[in-house]
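Inside the fold
Here is how the chains run, residue by residue.
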Amino acid sequence: MANATSGMAVHDDCKLKFLDLKAKRTYRFIVYKIEEKQKQVVVEKVGNPADSYEDFTASLPADECRYAVYDFDFVTAENCQKSRIFFIAWSPDTSRVRSKMIYASSKDRFKRELDGIQVELQATDPTEMGLDVIRSRAS
C-alpha cells in the first residue's frame, strides 16, 4: 500500500527483519534505503549482534539519506541491563534536496510499519547521533 504523499511502498523484508531484531535479537542494526525507481523502502544492510555502534555509523553513507534502526543495550544507574530500539532518520546536509524531501515525506508512514520503536532521532551529521546522544536519549 503506497503512501499518498510520497508513493513509497514498504518491502515485506523491512518488517520481517525488524521483527527479528526486536523479538529474536538476530541483528544489532538495520539500515533501510528508498529505491526511487521501485518506489519502495528496502533493507540495505543488517548488523550482527556483536557489531559495535561504530560499525553501525560506518554503514551510513556520508552523503545519502537512510533510515536505520539500532538496538542499544545499556546498564541503568540501578545496574539493570536494558535495551532501547532507536529509529534514526539519517539526512546529511550534503545529500540531494530531492532525496531529503522523499525521506522526510515517507518517514512517518515507514516508522508506523515498524511496531516497537522506542526512541526516534533525526540526524544531519554524525555528532547528532553520537554514542553520547544515544546514551542520553535511552534513559
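Attention here is on the structure that accompanies the text. (Residues numbered from 1 in each chain as written. Predicted model: local features only at pLDDT ≥ 70, side-chain atom pairs only at ≥ 80, totals over all residues. Heavy atoms only, no water.)

Here's the deal with the side chain of Q40
Relative to the helices and strands, Q40 resides in strand 3 (residues 40-47). Its relative accessible area of 19% is what places Q40 among the buried residues. (Helix = DSSP H or I, 4+ residues; strand = E, 2+ residues; numbered from the N terminus. Buried < 20%, exposed > 50% of the residue type's maximum accessible area, 1.4 Å probe, protein only.)

Structural notes on the pattern of salt bridges
Scanning the entire structure with this criterion turns up 13 salt bridges. One salt bridge connects D13 with K17, and the closest N-O pair in it is separated by 3.3 Å. With D13 and K17 both in helix 1 (residues 12-24), this residue pair falls four residues apart, about one helical turn. Of the charged contacts in the structure, one is a salt bridge between K15 and E113, with a shortest N-O distance of 3.1 Å. Here K15, found in helix 1, pairs with E113, found in helix 3 (residues 97-113); they are 98 residues apart in sequence, far enough to count as distant. Owing to a relative accessible area of 26%, K15 belongs among the partly exposed residues under this scheme. Salt bridges here are not isolated pairs; linked through shared partners, they connect R25, R28, D71 and D73. (Salt bridge = Lys/Arg side-chain N within 4 Å of Asp/Glu carboxyl O.)

These results come straight from atomic positions and should not be treated as a statement about function.
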